[in-house]
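Observations on chain architecture
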Amino acid sequence: MSRILSADSLVEDFISPGQACIKPVEISKTSNAPSEIKVNGAEYYEVGKDGSQKKLETASISLNDCLACSGCITSAESVLITMQSHNEVLNVINADKDKNESERKTFVLSLSPQSRASLAAAYGITPHQVQSRLKHFLSTKLGFTSVHSTDFAREVALVEAAREFETRFTNNARRKRKLDTHHDTTSTSTLATAAADPNSNAALPLITSACPGWICYAEKTHASILPHISHLRSPQQITGAYLKDTLSHRLSLPRSRIYHVSVMPCFDKKLEASRVDFEVEGVRDVDCVITTMEVVEMLRVYGVDLGGYAEEAGLQEEEEWWGSHPGSSAGGYLTHILTSAAKNLLDLTTEQQQSLVKVKTIRSSDMKEYILEKDGEILLKMATCYGFRNIQNIVRKLKPGKSSAKARVVRRKGAAAGAGEDRGYDYVEVMACPSGCINGGGQLKPLLPSASEVVSYTPKEWIDVVERTYRSVEAHEASEERAGRILQRWYAGGGGGDEEEEEAWRRRVLYTEYRAVEQNLSNPAFATW
């Protein structure tokens, strides 16, 4: 077996928690009488005035506690693994066998394209073989009914992301035109602040919301950034809502009897699935998230090697809904939005775009600018930003009080367009992991080169191998027609309705909200990021 597959990779956060969890024990006093807490090793006791002692129970920490607590940026991943893991999946499956037929669950799994690429590279097979062989293993050994790629949900997400950006960009332009009519009587700093008012749906830049590590960081430390963040759900959550709704309708089962497992490249996806926003009457859209590494652990339990395993004879129609999209292996958000906006807002053909877009690397490949410029005028300016070091630079520029960052275009009074302008970004594709999702914390990791192994990789070389495997799948541009068919099938499964009802439904299932988490530490100064 490959050393990549047998390596006991260390699980690390890219930003580690700054202090221990602030909910170590559950204190529930039975009276108002004076008492004190006694510590005996790892155990805690409440000591009453009369000398009586009562052992305190260890607090039950849920993922929702992590989301509501400002003690950490990304949560301790050992906690996440305990609460959502391949062992938990196996426990649920085993417990389900003892239930009556009328109470048993239907098990389905969704697979991210980044996890699929990581598994394919490690086992030396194609991404399609991963999908087919994993389906055969899950159906024959564990009783899963279907295995879906999240690519179909990303198709929907990309089309919706372009729609959201174009609406916001248009609103921003309208606001700016109104403000420009008052240019002679209004100071430049006032115009700069008003033109990028983060409390309106015209706030730019628009920033991706698909990365839960980034969202958690923003909610807990930079509330002023939240109006800039897209409200669109991630492909994982769109997949979960789609599968629960459509299967519930098709099989005439309550959502609680459909158990959805999601395979992701990132541990923070476990946090995302636990948000109460992604529940319907207490039932999650995604019941359990496991990482790529945990899939390998699950295969080991059953002695299965995907490299030589049998393939599924035939996949269901919806299981065939997968492929790839142009752009970054983090989802291709920037590429699709830039292409769509240039076509719909600027009336530029694909050929024109290719000649007008300039790509500029800032410090490293984890920070790149994409500038669409015509006749000396910047029409669109976007960026990809991976890793917290680069994220912090973006955040600093957007902090309140920095007028140069607030103004997307700051022009000297009386100067011609393009003269002395500081053009801010229109859109930023943000991912917490360096190199993006292909290098997520839950992906399979290489060990350092060794003379005992014929093929060995440095970490950078391994990322390149997985990236090439990811791009071996034919890419197609996301289309409104395909996304529309998916949404129509989804909506029709719920009974349908008129145009106004359909729009309200679309907003409900595809979008969400983000909120600031108030500091609840006794001394926030001790929390280090």
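One structure accompanies this document, and this report is about it.

Rules of the game
- Residues numbered from 1 in each chain as written.
- Predicted model: local features only at pLDDT ≥ 70, side-chain atom pairs only at ≥ 80, totals over all residues.
- Heavy atoms only, no water.
- Helix = DSSP H or I, 4+ residues; strand = E, 2+ residues; numbered from the N terminus.
- Buried < 20%, exposed > 50% of the residue type's maximum accessible area, 1.4 Å probe, protein only.
- Contact = heavy atoms within 4.5 Å.
- Areas by Shrake-Rupley, 256 points an atom, 1.4 Å probe, with all protein chains shown as cover.
- Expected span 1.5 Å × (residues − 1).
- Arc of directions from axis to C-beta.
- Salt bridge = Lys/Arg side-chain N within 4 Å of Asp/Glu carboxyl O.
- Pairing = 2+ DSSP bridges.
- Axes fitted to C-alpha atoms, helices over the stretch in contact; angles between N-to-C directions.
- 1 Å grid on protein atoms, 1.4 Å probe; cavity = no way out; pocket = protein on both sides within 12 Å on 5 of 7 lines; lining within 4 Å.
- Points joined across faces, edges and corners; volume = space filled by probe spheres on them.
- Nonpolar A, V, L, I, M, F, W, Y, C, P; charged D, E, K, R; others polar.

This part covers the overall build of the protein chain. Looking only at helices and strands, the protein chain has 19 helices and 14 strands in total. Looking at the 529 residues of the protein chain, the share that counts as buried comes to 50%. Partitioning the contacts of the protein chain with sequence separation of at least 6, the portion at a separation of at least 24 is 74%. Accessible surface for the protein chain amounts to roughly 24500 Å². Of this, 50% is attributable to carbon and sulfur atoms.

What follows concerns helix H17 (residues 459-471). For H17, built from 13 residues, the straight-helix expectation of 18 Å at 1.5 Å per residue is met to within 8% by its first-to-last C-alpha distance of 18 Å. Residues of H17 that are buried include every one of Trp 462, Ile 463, Val 465, Val 466, Thr 469 and Tyr 470, and no others. For H17, the angular spread of the buried residues around the axis is 160°, confining them to a single face. Along H17, the residues that are exposed and aim more than 90 degrees away from the buried face are Lys 460 and Arg 468.

This part covers the pattern of salt bridges. Within the structure shown, the criterion is met by 22 salt bridges. A salt bridge links Arg 515 to Asp 277, with the nearest nitrogen and oxygen atoms 2.8 Å apart. Note that Arg 515 is positioned in the segment after helix H19 (499-510) and Asp 277 in the loop between helix H11 (268-273) and strand S8 (279-280), a separation of 238 residues in sequence. Residue classification places Asp 277 among the partly exposed positions, given a relative accessible area of 22%. Ionic contacts of the salt-bridge type, sharing partners, join the residues Glu 160, Arg 163, Glu 503 and Arg 506 into one network.

Looking now at the sheet that holds strand S5 (residues 146-149). Read across the sheet, four strands follow the order S5-S4-S7-S10 without closing on themselves; strand pairing throughout is parallel. On the outer flanks of this sheet lie S5 and strand S10 (288-291), each paired with one strand and no other. Between one strand axis and the next, the sheet turns by 25° as a mean value, whatever way the strands run. Relative to strand S7 (residues 258-264), strand S4 (residues 106-111) runs parallel, the two being bridged by six bridges. Residue Phe 107 lies in a different strand from S7, and its bridge partner there is Tyr 259. On top of the sheet, helix H5 (residues 113-123) reaches S4, S5 and S7; it is set at about 80° to S4, its chief contact.

Burial analysis of helix H9 (residues 212-221) places nine of its 10 residues in the buried class, the great majority of the element. Among all positions of H9, only Pro 212, Gly 213, Trp 214, Ile 215, Cys 216, Tyr 217, Ala 218, Glu 219 and Lys 220 are buried.

Before going further, it helps to examine empty space enclosed by the protein. Under the defined criterion, the tally for this structure stands at six cavities of 30 Å³ or more. Considered as a void within the structure, the largest cavity measures approximately 280 Å³ in volume. Forming the boundary of the largest cavity are 23 residues, of which Gln 114, Ala 210, Lys 269, Ala 330 and Cys 437 lie nearest the centre. Every element with two or more residues in the lining of the largest cavity is listed here: H5 and helix H10 (235-251). Partitioning the lining of the largest cavity into residue classes produces 14 nonpolar, seven polar and two charged.

Moving on to the pairing of strand S14 (residues 427-431). Counting buried positions along S14 gives five out of five residues, so the element sits mostly inside the fold. In S14, alternate side chains face the same way, and those of Tyr 427, Glu 429 and Met 431 on one face and Val 428 and Val 430 on the other are all buried. Pairing geometry for strand S6 (residues 206-207) and S14, over two bridges, is parallel. Bridge pairing links Leu 206 to Tyr 427 in S14.

These figures capture arrangement, not role.
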